[in-house]
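Take a look at the letters that make up each chain.
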Amino acid sequence: RSLGAAAAPRGGAAVAAVVALAAVAWSVGPAGAVLVRRGGEGPRLVAFLDTKARELSSAALTVLAHRAAECTTGRGRGSGGGPEQLGEVKDMIRHMIAEKQADMASSITQSEYCNKELPKAATELKKLKEDADQRTADHDALEARIAQLAQDASQLASEVADIKKNLTMEEEIRRKQHAAYAELKAGYEAVEPPHAEEGVEKQLKVETKEAARELAFKRLQTAALVSIKQKEREAEHLQSDIVKLKAQMVDLEREGELQQSVLDSATTYKQQLDKQCVVRTESYEERKRRRDEEIESMKDAYVILGGDI
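Scope of this entry: the structure provided in the associated data block. Predicted model only: the values in this text are computed from it and were never measured.

Rules and cut-offs
Residues numbered from 1 in each chain as written. Predicted model: local features only at pLDDT ≥ 70, side-chain atom pairs only at ≥ 80, totals over all residues. Heavy atoms only, no water. Helix = DSSP H or I, 4+ residues; strand = E, 2+ residues; numbered from the N terminus. Contact = heavy atoms within 4.5 Å. Areas by Shrake-Rupley, 256 points an atom, 1.4 Å probe, with all protein chains shown as cover. Salt bridge = Lys/Arg side-chain N within 4 Å of Asp/Glu carboxyl O. Buried < 20%, exposed > 50% of the residue type's maximum accessible area, 1.4 Å probe, protein only.

### Digging into the overall build of the protein
Inference 1: Looking only at helices and strands, the protein has 6 helices and 2 strands in total.
Inference 2: Start at the N end of the protein and walk to the C end: the helices and strands fall as α-β-β-α-α-α-α-α.
Inference 3: If you take every contact in the protein between residues at least 6 apart in sequence, the share linking residues at least 24 apart comes to 71%.
Inference 4: When the accessible surface of the protein is totalled, it reaches about 19600 Å², and 55% of it is carbon and sulfur.

### Some points on the pattern of salt bridges
Inference 1: Within the structure shown, the criterion is met by 15 salt bridges.
Inference 2: Here Arg54 makes a salt bridge to Asp50, at a shortest N to O gap of 3.1 Å. Here Asp50 and Arg54 lie together in helix 2 (residues 41-56), a separation of 4 residues that amounts to about one turn.
Inference 3: Among the residues examined, Asp50 registers a relative accessible area of 15% and is labelled buried.
Inference 4: Measuring nitrogen to oxygen at the nearest pair gives 2.3 Å for the salt bridge that ties Asp91 to Arg94. A residue pair is termed a helical-turn pair when its members lie 3 or 4 positions apart in one helix, as Asp91 and Arg94 do in helix 4 (residues 83-190) at 3 residues.
Inference 5: What emerges from the salt-bridge pattern is a single network uniting Arg174, Glu210, Glu214 and Lys218.

Set out below in structure tokens:
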């Protein structure tokens, strides 16, 4: 449009003058003078191009109309005006048709590319985002699992500490009990063994009570040591699982960094496609229709000049 707007003021008078002569034509006289007669191709060409340029708001057709008017009125480049000057206009038309057709092919290629790449890029971006969301969920699950295992290991360590503390207390109690028994036994042995039935019975009760206490303590001690060993083994397994899960988390984070780079690239590519293919001031169908009409008008103008398309 800018080209047409620039050409119209400069050549508007010439175009208007020639359009007014569309019903008549010219021929070259003896001295190169322009003689007007009906049926001339120059005025008809200018009138046709001017009409189409206005209908289609075409800068290219406006330029052609201006150039044809210059040639028709003898104001074109070169010496004088006349049919020979319109050959330049024919060349311009032929060149513009080729350019428009090439532009159409390019637009079709661009349209095909966009129709193929936009859905593909959108699908790929969606999948990458879903993968990123899944990695985040997996990472959160690993963190929660590690935290739970650490809590369980801590609980086991606390239980082991309690068992050891209780065992130490029981050992101290047992030590005092045995010391009391030893003192009592030493007293019995320091005197003559009792002959009375009552004394023997009393000594047997003391020995029996000591034996029962020792047996109970041994059972408690054995159970405590077994429990400690079992819980410590469980804690070791938990710590081993934690180490493995942390290694998985490191791998997941490393993979996430790489995939984030891919996601960023895919996002950028999709944004570029949106700018190239989606943001349009005019639909592809409308642009194609206008371009087709321009090409057809140029072909008709070429035929007016006696060309064969």
